[in-house]
Amino acid sequence: MSSQEIYPPSVAAADRDLIFLVIERHRELSAHYDAAASVSAKLEDGAEFAAADEVTGQTNLALTEHANVLIRSKPATIAGVIALTRYVAGLREWELPDDDAWHRAFLEGLADAIDEIGMAQRRRHIGN
């Protein structure tokens, strides 16, 4: 499943877990970079190519910076954990951070998020 096949969350889901907004922003930045790279690829060397290549570089930098935010973000709900996991699993290599060790930060963040969600559920259960 590609990242484009995951539908945006409802407003209510985003209100409960900001990870949906982080995912949506990454999706937008990916589309901007993809469009810019497509334009650059069609041009020959020259002033137009240089201008397009500059835009491509800027959109790539924005995507790379946000990819680092994405993989270090911790969902606040189980629905957020599922959405983030599925989204990241569907990303293409160029949509991921440049750091080869990003998997570690991503998995540790998911584990922490699941642990925190579980503890919150236990506290609510004990409090009832």
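Just above, that's the structure.
Described below are features of the structure shown in this document. Every residue gets a number counted from 1 within its own chain, in the order that chain's sequence is written. Two thresholds apply to this predicted model, a pLDDT of at least 70 for residue-level local features and 80 or more for giving and counting side-chain atom pairs, whereas whole-chain, interface and lining totals are computed over all residues. The basis for every side-chain value is the complete set of heavy atoms in the structure, and neither hydrogens nor water enter the calculation.

## Remarks on the environment of Ser40
Then comes step 1: Only DSSP runs of H or I covering at least 4 residues are called helices, and only runs of E covering at least 2 are called strands; the numbering of each starts at the N terminus. Within the secondary structure, Ser40 sits in helix H2 (residues 19-41).
Then comes step 2: Through-space distance from the C-alpha of Ser40 to that of Thr56 is 7.2 Å; in sequence the pair is 16 residues apart.
Then comes step 3: Whether two residues touch is decided by their heavy atoms; if any such pair falls within 4.5 Å, the residues are in contact. Setting aside anything within four residues of it in sequence, one finds Ser40 in contact with Phe49, Ala52, Asp53 and Thr56.
Then comes step 4: Residues adjacent in sequence count toward polar contacts only when both atoms are side-chain atoms; beyond that, a polar contact is any pair of N or O atoms within 3.5 Å, and within protein one must be able to donate a hydrogen and the other to accept it. In terms of polar contacts, Ser40 uses its side chain to reach the backbone carbonyl oxygen of Ala52, at 3.2 Å.

## Let's talk about the environment of Glu24
Then comes step 1: Mapped onto the elements, Glu24 comes out in helix H2.
Then comes step 2: C-alpha of Glu24 to C-alpha of Tyr87: the two residues are 63 residues apart in sequence and 10.0 Å apart in space.

## As for helix H4 (residues 78-89)
Then comes step 1: Helix span is expected to be 1.5 Å times the residue number reduced by one. In this model H4 runs 16 Å from its N-terminal to its C-terminal C-alpha over 12 residues, within 8% of the 16 Å that 1.5 Å per residue would give.
Then comes step 2: Three exposure classes are used, based on accessible area relative to the maximum for each residue type with a 1.4 Å probe and protein chains only: buried under 20%, partly exposed in between, and exposed over 50%. Looking only at H4, the buried set comprises Gly80, Val81, Ala83, Leu84, Tyr87 and Val88. The buried residues of H4 all sit within an arc of 170° when viewed along its axis, so they share a single face. Across H4 from its buried face, at more than 90 degrees, point the exposed residues Arg86 and Ala89.
Then comes step 3: Packed against the buried residues of H4 are H2, helix H3 (47-72) and helix H5 (102-127). Regarding the arc, it is the one traced by the directions from the helix axis to the C-beta atoms.

## Notes on the packing of H4 against H5
Then comes step 1: At a minimum axis separation of 10 Å, H4 and H5 run at an interaxial angle of 165°. Classed by the angle they form, the pair H4 and H5 counts as roughly antiparallel. Judged by the twist between their axes, the crossing of H4 over H5 is left-handed. In this structure, H4 contributes Ile78, Val81, Leu84, Thr85 and Val88 to the contact, and H5 contributes Trp102, Phe106, Leu110, Ala113, Ile114 and Ile117.
Then comes step 2: Amino acids outside the nonpolar list (Ala, Val, Leu, Ile, Met, Phe, Trp, Tyr, Cys, Pro) and the charged list (Asp, Glu, Lys, Arg) are all regarded as polar, and Gly is one of them. Tallied by class, the residues present in the contact of H4 with H5 amount to 10 nonpolar, one polar and no charged. Between the N-to-C directions of two axes lies an angle of 0 to 180 degrees, each axis being a line fitted to C-alpha atoms and, for a helix, fitted only over the stretch in contact. Orientation labels follow simple angle bins: below 35 degrees gives roughly parallel, above 145 gives roughly antiparallel, 65 to 115 gives roughly perpendicular, and whatever is left gives oblique. Handedness of each helix crossing follows the sense of rotation of the near helix against the far helix: counterclockwise by less than a right angle gives left-handed, clockwise gives right-handed.

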